[in-house]
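Residue-level structure breakdown
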Amino acid sequence: MDLAATLAKPAWSFEELCVVLGLPDSTVELIAREQPAPPFFMLGRRRYILRTDALDWLEERRNAHPWVPRKNNRR
């Protein structure tokens, strides 16, 4: 799968979203079930999300759950 071509598409399938995020489908499924859930839609038997909705959802998650390093942690 060509990542550049995928990023240019107006909508991503669930599998393409997993590739873009670099996460396993089971992890994305768990994250997608949390509220507020991203607005997926069905085309036939496949689940899709608009690229703009996915990026907005990621922005919301980034703002809601910022990473803060722990004190005295070696990681």
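Our subject is the structure that appears above.
Residues numbered from 1 in each chain as written. Predicted model: local features only at pLDDT ≥ 70, side-chain atom pairs only at ≥ 80, totals over all residues. Heavy atoms only, no water.

Once that is clear, we can look at the packing of aromatic side chains. On inspection of all chains with the given rule, the structure shows two aromatic pairs. Ring geometry for Phe14 against Phe40: centres 6.0 Å apart, planes inclined by 55°, an arrangement best described as tilted. In this pair, Phe14 is assigned in helix H2 (residues 14–21) and Phe40 in the loop between helix H3 (25–33) and strand S2 (41–43), connecting sequence segments 26 residues apart. The exposure class of Phe14 is buried, given its relative accessible area of 7%. Between Phe41 and Tyr48 the ring centres are 6.1 Å apart and the planes differ by 25°, which places this aromatic pair in the stacked class. The ring of Phe40 carries Arg47 above its face, with NZ or CZ at 5.3 Å from the centroid. (Phe/Tyr/Trp six-rings, centres within 6.5 Å; stacked < 30°, edge-to-face > 60°. Helix = DSSP H or I, 4+ residues; strand = E, 2+ residues; numbered from the N terminus. Buried < 20%, exposed > 50% of the residue type's maximum accessible area, 1.4 Å probe, protein only. Lys NZ or Arg CZ within 6 Å of the ring centre and 35° of its normal.)

Residue pairs spaced three or four apart in an α-helix point in one direction, given the helix's 3.6 residues per turn. Among all positions in H2, only Phe14, Glu16, Leu17 and Cys18 are buried. With its phi angle positive at about 75°, Gly22 sits one or two positions after the end of H2.

What follows is about the packing of H2 against H3. Across the interface, H2 lies against H3 with an axial gap of 9 Å and an inter-helix angle of 100°. With respect to H3, the axis of H2 lies roughly perpendicular. For the pair formed by H2 and H3, the contact residues are Phe14, Leu17, Cys18 and Leu21 on the first element and Asp25, Val28 and Glu29 on the second. Class assignment for the residues of the contact of H2 with H3 results in five nonpolar, no polar and two charged. (Axes fitted to C-alpha atoms, helices over the stretch in contact; angles between N-to-C directions. Parallel < 35°, antiparallel > 145°, perpendicular 65-115°, else oblique. Contact = heavy atoms within 4.5 Å. Nonpolar A, V, L, I, M, F, W, Y, C, P; charged D, E, K, R; others polar.)

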